[in-house]
Structures are given as C-alpha cells and as structure tokens.
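Topology and contacts: notes
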Amino acid sequence: MVFTRRPAAVLTAIVAACAMAISLTACTTDANSQDTADDQTTVTSSAPGVVAMFTPSDGITLNQQTPLNKWAKLTPNLTKALTSAGFKKGDISHTTSDSLDKQSRAIQDYVVNHLSGSNTTDDAGIVISPDNITLLVAPVVEADASTRQYGDYVSQELSTADTAEGSDSTDSSDSSNSSDSSDSSTGSDSTDDSSSDASKTAGDSKNAAQAEAVDRLVSSLKLAKESGMHVVLMGNSIKGYKPDTFVRFSDAQAIGKLQAEKIVSKLELSKASKDNPKYIEVLMPYTAVDESGEASDSTFAQEAFRGIWQVLGAYYQKGVVESPSGTLNGNSTEDDWQSVAYDASKEGSTAKVLDARLAKADEHASPTRIDGIIAMNDYIASEVVTELDDLGYTGSAADINPQITISGIVGNITGKKDLSRSDVPDPIKSPEKDDSADSTDSADTQDDSTATDKTDKTKDSQWPLVTGYGAYVSNIPSIVNGKQWLTGIEDRQTLAENIAEACALLNKGQTLTSMSSVRNTEVGGKKKVPTISGPLLAVSASNLKVTLIDPGYISLADAGL
C-alpha cells in the first residue's frame, strides 16, 4: 500500500516544484516590462518610470532671513510625493544649478546621454524608454534683491527677446570695442570713454552668454520632447516654448491681491463709510538700479500694485479708505505704482518712508491713525514692525478682535483650545464727526469731550494690521504675538502631490484631464498649456497651527513656543 502511494507523491512533488519554478521566474520579470536582448528589460509606458528634477540653487536673502518658499524646501516634498505615487527613489534624480548656463548644460547632458544609450539602464539592468522619463525643470531666472525677498517660487518669464538683441550686436562689436578700449587707454583724456566701452562690452558679453544658455536650454527641451520625454516647467516660463505641463506658483499680482483681499475682509471695508474711513498705506519696495548700475526691471512692482489696486481701488474711489500720507486717493489708478514705490536696496529706507508717511502734526500730537499697512513681504514687514514700535504705536493685531488674546492664540497653536472670534463694533461716524451730543449741557459736553479725546488718542496709537509674504521663520514669533498680522506661503505639499500625479500620468501616456488642479492657460505666449496651480495660503496667528505647524513646515520652537 505504501509502495503504490510513493509514485503519486513523487509526481505531486515534481508538479509543485515546477509550479514554484515558474512562479519564481515570473517574479524576476517586472509585470510592467518586457524582455529584450542582452539580459536587459525595457520599461513600458505602464511603469512609473523616471523623474529628473532640475532646480535653481537657493538664493540668499538679506540678513539671512529665510522664507519658507525655497527650492530646498520643495524638493523633499516632491521626492516624498513621487515615491508615494509609485516612483522608486533610485529613479528620482535632482540637479541644482546657480546659473542658467550650468543648468542648460546639465539638462543637455542628461538628454543626450539617455538618447545615446550611455545612461539608459538602472542598477537592475532595466532600459529606460524616453516616454517613461519626465523632466521637472525650474529655469534659473535672475532676480534682483527685492524680488528674492518673496522666496524662490515667484513666477517669472525667461525672455529670449532681450538677450537676442545683445547677442546680435555682440559678434560685430566685441572685437572693435576691445580694440577701441585698448587704443584709447593710451590717452589720459579718454579714460571715461574707455571705461564706458569696457562696461558696454561686459554687458554685451553677458547678454550673449545668456542668449546662448537660453538657446541651449530650449534646444535640449525640444530634443527631449521629440524623443518622447515629457517636460514639466515649474515656476518660470520660457517665452515661445510650450511644455507638456506648467506649474504656476505665486506671481506678483497674486501676492498683492492676497494681502489686499485679506485686509478688506478683516477691516470689513464693505461696512466702512466716508464719515469714518479706514486708513491704509501701501509700501511697494523695489530695486531701482541693478548691480551693473543700469535701471532694474520694475515689472514685478507694477504687477504687484495692479493686484492690490484691483481690490482696494474701489474703496479709495468711494472715499471709505484713505491714505494718511496722501500717496493714494480716489483719482489714483492701477498705473500709479510709483506713488507708493521706493528703493528698498538702501539701508533704512523702509523706516524713513514709513516715518515720513505717518508723520505727526507736531511733536506733542498722538501718532497718526493707521488701520492697515501692506508691506508686500516679510522682510519689509519686519522693518515696519520695528518702526511702528519706535513711532509709539501700541497693542497688536489681536486687539482688533477683542476676544482673541495672545494667551488664546498660544493656546490654539499648542492645541489646547480653539479661538473665539467676534467683530469689533465700529461707529458709522467717527467721534469727531458725530454731532449727536450738541444738545447736552456744558458739563456733560466737557466730560464727553475729555473721554472722546482719550478714546481718539487710543485709537490713533492702536497697532495696525501689517501684512507680508514668504513666511520667514524669523517673523513667525511676530505672527504669534500679533505684531505682524498676516503672511503668505505656497501650499507646497499639495503642489508636490499634484506634480507627482502629473508625472505618473505623463509617463503612462495619459492626459491630465482627470486632475482637478489642472486647467489650460497661456504660458510663454503659447495657448492651451495644461497648468497646475493652487491658491496661496494666508497665514495668521489664528490658523498658524493648521497651515504651518501641522504640515511640518515649522516647529513650535520656530514659533517661539
């Protein structure tokens, strides 16, 4: 009996072994790949594939004050989101460059190497097909000191027109300029001309180098797309170039509009009146002259003011909002940005401008009443806070909602309790314009006048709403104590998740129509470009925990708690 069962048992064991061998063989082959010669495997379009990131090196902000809107902060979020979307860490690369020249060369080398076959396999011997590669590129764009104060994500356009002009004139003039400079140096009366020629030559050379870098970058990205790779531009567009997808971060108009909208809501300007207007000052910092001594591009300041005026303009025109300094009024337009602009590159310039705008009638007068100051970015906001303190303003933004106390704010941030908010009643008429007390007797009138005078002085010296942008870590304690009411930041985690989803879809050969965060826009002069975007986050003490601490952008220690 035992003998008759042994062949059956042996046969069963053989079948099981064969099944296991087949199973193990199947496991060695990726379900999303197909076999090729030379023991290599080509990844098909159903596999996650590869993502190569190219970003600018982080800029340096003045006095080492650091905004959270930095490339070094975004790339870890991107890497985490990509791995969550199915990409292997080994298939995610990141290259940083401090100039467009270096970045364009790095992208060119990457594309050429992959297409030539010298860098087309990973450690597992898997061949990476071009249509399974997505390039995430944030072009390096030069920004002046004022623009850098908003962080690294501010969207700008890499223009080829200006650089082309410099390139055209360089070939024909470089040698002659160099010769002229050399010849004229022998004469003492031509020193200025020589210096001017040298400066022009240096400028032309810089323009020529920039034009060459732009051409190299565009050519490399076009080659990548023609080969089947996908190109996603982040933040900065390129004039005349159409990527597969564009990621739109904050721009000047959006930053200005955010601050204006929040002030409108907080001060309830819809309920304000001509008899009791709100007083708002707008500070527009910009760099008047660049490092070479030439006039800087003022486009950012113009666009930022346009965003502000689109919101506040109607209130100035109605007379329910006034500028204590008179820099803005009902006749102002969105083109009057220079009325509120000043050269922020000069040391102490913000303090001087604010001191002049809020000047007292005399040395014994109370501070000039001010309800809100749009400072544009956190660097300027920190200077505003210091100057307001020096000018004698007291209290904090928390005083505008009496039920919100500093202890309540701290308790909310540390998770101990929720904030209770209520509006502050504001009379339709200001006390000095209210004639309702005319019928009272003289004694009562005198008492009322004394009380009103004290109330007016308290109101005049009340700390205003101060807004900024960039969520500087150094400014977070001021947000907590209410000295700076508002800052702004990109929703990095959500943007990173959306970018990762887009990369996965592109590598699978699918469109982005299923993504709610994507809509077609005009980018670099090209229409119908799928664009990923999201609203900016407005951060104040009341939501600081949810927007910054809970996501891990900052710690309790950063908030000074």
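All chains use their own residue numbering, which begins from 1 and follows the written sequence. Note on the predicted model: pLDDT of at least 70 is required for a residue's local features to be given, and 80 or more for side-chain atom pairs to be given and counted; whole-chain, interface and lining totals, by contrast, use all residues. Side-chain figures throughout are based on the complete set of non-hydrogen atoms in the structure, without hydrogens or water.

**A closer look at the sheet that holds strand 3 (residues 50-56)**
Taken together, seven strands build an open sheet; the order of strands is 4-3-6-8-10-19-18 and the sheet is mixed. Two strands lie at the open edges of the sheet, namely strand 4 (92-97) and strand 18 (518-523), each paired on one side alone. For this sheet, the mean inter-axis angle between neighbouring strands, taken without regard to orientation, is 30°. Two strands pair if DSSP finds at least two bridges between them. Secondary structure counts use DSSP, requiring at least four H or I residues in a row for a helix and at least two E residues in a row for a strand, with both numbered from the N terminus. In the sheet, strand 6 (residues 133-137) pairs with strand 8 (residues 230-234) via four bridges, with the strands oriented parallel. Each bridged residue has a counterpart across the sheet, and for Val 137 the counterpart in strand 8 is Leu 233. Packing against the sheet, helix 14 (residues 492-507) makes contact with strand 3, strand 6, strand 8, strand 10 (245-247) and strand 19 (526-532), and its axis sits at approximately 145° to strand 6. Structural elements are reduced to axes, namely lines fitted to C-alpha atoms, with helices fitted over the stretch in contact, and the angle between N-to-C directions of any two is expressed from 0 to 180 degrees. Contacts are assigned to residue pairs that have any heavy atoms within 4.5 Å of one another.

**Details of the packing of helix 2 (residues 71-84) against helix 14**
Between helix 2 and helix 14, the least distance of the axes is 8 Å, while the angle of their chain directions is 45°. If you check the angle between helix 2 and helix 14, you find them oblique. Between helix 2 and helix 14 lies a crossing of right-handed hand. Taking contact as the criterion, the partners of Lys 73, Leu 74, Asn 77, Leu 78, Ala 81 and Leu 82 in helix 2 are, on helix 14, Arg 492, Gln 493, Ala 496, Glu 497, Ile 499, Ala 500 and Cys 503. Of the residues in the contact of helix 2 with helix 14, the class split is eight nonpolar, two polar and three charged. Orientation labels follow simple angle bins: below 35 degrees gives roughly parallel, above 145 gives roughly antiparallel, 65 to 115 gives roughly perpendicular, and whatever is left gives oblique. Take the far helix as the reference: if the near one is turned anticlockwise from it by less than a right angle, the crossing is left-handed, and if turned clockwise, right-handed. Gly is put with the polar residues, along with every residue not named as nonpolar or charged; the nonpolar set is Ala, Val, Leu, Ile, Met, Phe, Trp, Tyr, Cys and Pro, and the charged set is Asp, Glu, Lys and Arg.

**Digging into the pairing of strand 19**
Two strands pair when backbone bridges link them, and strand 10 and strand 19 are joined in this way by two bridges, in the parallel orientation. Within strand 19, the residue paired with Val 247 across the bridge is Ile 532. Bridge count between strand 18 and strand 19: five bridges; the pairing is antiparallel. Bridging across to strand 19, Thr 521 finds its partner in Val 529.

**Remarks on the packing of aromatic side chains**
To describe a pair of aromatic rings, one takes the distance between the centres and the angle between the planes. Within 6.5 Å between ring centres, the rings of Phe, Tyr and Trp (the latter by its six-membered ring) count as paired, and their orientation is classed by plane angle as stacked under 30 degrees, edge-to-face over 60, tilted in between. Within this structure, the stated rule accounts for eight aromatic pairs. Summarising the aromatic geometry, the rings of Tyr 150 and Phe 300 are spaced 4.7 Å apart at their centres and angled 45° between planes, so their arrangement reads as tilted. Within this pair, whereas Tyr 150 is found in the loop between helix 4 (145-148) and strand 7 (157-158), its partner Phe 300 is found in helix 8 (residues 299-318), the two being separated by 150 residues in sequence. Note on Phe 300: relative accessible area 15%, which makes it buried. Look at Tyr 286 and Trp 337: their rings are 5.4 Å apart centre to centre, the planes differ by 85°, and that puts the pair in the edge-to-face class. Under the scheme applied here, a residue whose accessible area is under 20% of the maximum for its type counts as buried, over 50% as exposed, and between as partly exposed, the area being computed with a 1.4 Å probe on protein chains only.

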